[in-house]
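What the coordinates show
Here is what each chain is made of, one letter per residue.
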Amino acid sequence: MHLNPYGEDAVNLAADLANRRPATAGKLADRCRAAGLVLEHPVTPRDLDRVHAVLEAWEKVVDAADERERAELVNRMLAESAAYPRLTDHTGGGWHLHYRDDRQPLGSVLFALFSVGTALHLAGRGMHRLRRCAVTECVTIFADTSRTGRQRYCSQRCANRDAVRRHRASRATG
């Protein structure tokens, strides 16, 4: 059985690439493979440029002021990137759904993965579950996959940093 590759994994890959932009096509390929993506074609500088443009659009979704704006931006990405769903067994590893045309370069594949994955994540978990870290000086993006949907920090390190800051501030005023 294949799980939906357009869900949590796609959003986490988008966040990872947005937080640490790959500098070369080779680094992009390595990061995609490490995330479990099967690369069907060589990754080119054109793919890298496309992914950087896709990440710019995706970050606007992250930074949207409200749910309606977020939905509108995701819908724009879906309209530009996704095709009708189709069954495929392109890797010989089992049948699964793709929301893109066959034989697409990596930049287009990631555009479809990120837009469909983000839509599924937000619709399934909540429109607020994609954000930047609550620590002011940290701009890290994360997908909230917590059980409660109240994750505010990108990492335990930032949560601890903010707790220490609040503790020190309360002692200074108290």
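Nothing here was measured: the structure is a model prediction, and the numbers come from that model.

Comments concerning the overall build of the protein
- Tallying secondary structure elements over the protein gives six helices and four strands in all.
- In the protein, the succession of helices and strands from N to C terminus is α-α-α-α-β-β-α-β-β-α.
- Looking at the protein as shown, the accessible area adds up to about 10200 Å², and 51% of this sits on carbon and sulfur atoms.
- Seen as two clouds, the 27 positive and the 21 negative side-chain charges of the protein have centres 8 Å apart.

Examining the environment of alanine 29
- With respect to the secondary-structure elements, alanine 29 resides in helix 2 (residues 25-34).
- As a C-alpha pair, alanine 29 and valine 43 span 14 residues in sequence and 6.2 Å in three-dimensional space.
- Leaving out residues up to four positions away in the same chain, alanine 29 has contacts with Leu39 and Val43.

Focus on the pattern of salt bridges
- Throughout the structure, instances matching the rule amount to 15 salt bridges.
- Linking arginine 76 and glutamate 72 is a salt bridge whose minimum nitrogen-to-oxygen distance equals 2.5 Å. Highlighted residues: arginine 76 and glutamate 72, both in helix 4 (residues 67-81), separated by four residues, approximately one helical turn.
- Arginine 166 serves as the salt-bridge partner of aspartate 162, at 2.8 Å between the closest nitrogen and oxygen.

Concerning unusual backbone geometry
- Even without a glycine there, the phi angle at arginine 103 is positive, about 55°.
- With respect to the helices and strands, the residue arginine 103 is situated in the loop between strand 2 (96-98) and helix 5 (106-125).
- What makes arginine 103 exposed here is its relative accessible area of 67%.

What about the packing of aromatic side chains?
- Under the counting rule described, the total for this entry stands at zero aromatic pairs.
- In this structure, arginine 86 is placed above the aromatic ring of tyrosine 84, and the distance from its NZ or CZ to the ring centre is 4.1 Å.

A closer look at empty space enclosed by the protein
- Counting across every chain of the model gives one cavity of 30 Å³ or more.
- By volume, the largest cavity amounts to about 90 Å³.
- Lining the largest cavity are Val38, Leu39, Glu40, His41, Arg100, Gln104, Pro105, Leu106 and Val109.
- Looking at the lining of the largest cavity, its residues break down into five nonpolar, two polar and two charged.

Some words on the packing of helix 1 (residues 8-19) against helix 5
- In contact at an axis separation of 7 Å, helix 1 and helix 5 are set at 115° when each is read in the N-to-C sense. Viewed along their axes, helix 1 and helix 5 form a crossing whose handedness is left-handed. In this structure, helix 1 uses Glu8, Ala10, Val11, Leu13, Ala14 and Leu17 to contact helix 5, whose residues at the interface are Leu110, Leu113, Phe114, Gly117, Thr118, His121 and Arg125.
- Each residue belonging to the contact of helix 1 with helix 5 can be placed in one class, and the counts come to eight nonpolar, three polar and two charged.

Quick word on the confidence of the model for the protein
- Summarising the model, the protein shows a mean pLDDT of 92, and 96% of its residues fall at 70 or more.
- Between the elements of the protein, mean pLDDT differs from a low of 83, seen in strand 2, to a high of 98, seen in helix 3 (residues 45-62).

Comments concerning the side chain of serine 81
- You can see serine 81 is positioned in helix 4.
- A distance of 2.8 Å separates a polar side-chain atom of serine 81 from the backbone oxygen of methionine 77.
- Of the polar contacts made by the side chain of serine 81, one reaches the side chain of serine 115; its length is 2.5 Å.
- Setting aside chain neighbours within four positions, we find serine 81 in contact with Tyr99, Phe111, Ala112 and Ser115.

Rules of the game
- Residues numbered from 1 in each chain as written.
- Predicted model: local features only at pLDDT ≥ 70, side-chain atom pairs only at ≥ 80, totals over all residues.
- Heavy atoms only, no water.
- Helix = DSSP H or I, 4+ residues; strand = E, 2+ residues; numbered from the N terminus.
- Areas by Shrake-Rupley, 256 points an atom, 1.4 Å probe, with all protein chains shown as cover.
- Lys, Arg positive; Asp, Glu negative; His and termini not counted.
- Charge placed at Lys NZ, Arg CZ, Asp CG, Glu CD.
- Contact = heavy atoms within 4.5 Å.
- Salt bridge = Lys/Arg side-chain N within 4 Å of Asp/Glu carboxyl O.
- Buried < 20%, exposed > 50% of the residue type's maximum accessible area, 1.4 Å probe, protein only.
- Phe/Tyr/Trp six-rings, centres within 6.5 Å; stacked < 30°, edge-to-face > 60°.
- Lys NZ or Arg CZ within 6 Å of the ring centre and 35° of its normal.
- 1 Å grid on protein atoms, 1.4 Å probe; cavity = no way out; pocket = protein on both sides within 12 Å on 5 of 7 lines; lining within 4 Å.
- Points joined across faces, edges and corners; volume = space filled by probe spheres on them.
- Nonpolar A, V, L, I, M, F, W, Y, C, P; charged D, E, K, R; others polar.
- Axes fitted to C-alpha atoms, helices over the stretch in contact; angles between N-to-C directions.
- Left-handed = near helix turned anticlockwise from the far one by under 90°.
- pLDDT = per-residue confidence, 0-100.
- Polar contact = N/O pair within 3.5 Å; in protein donor to acceptor, adjacent residues only side chain to side chain.

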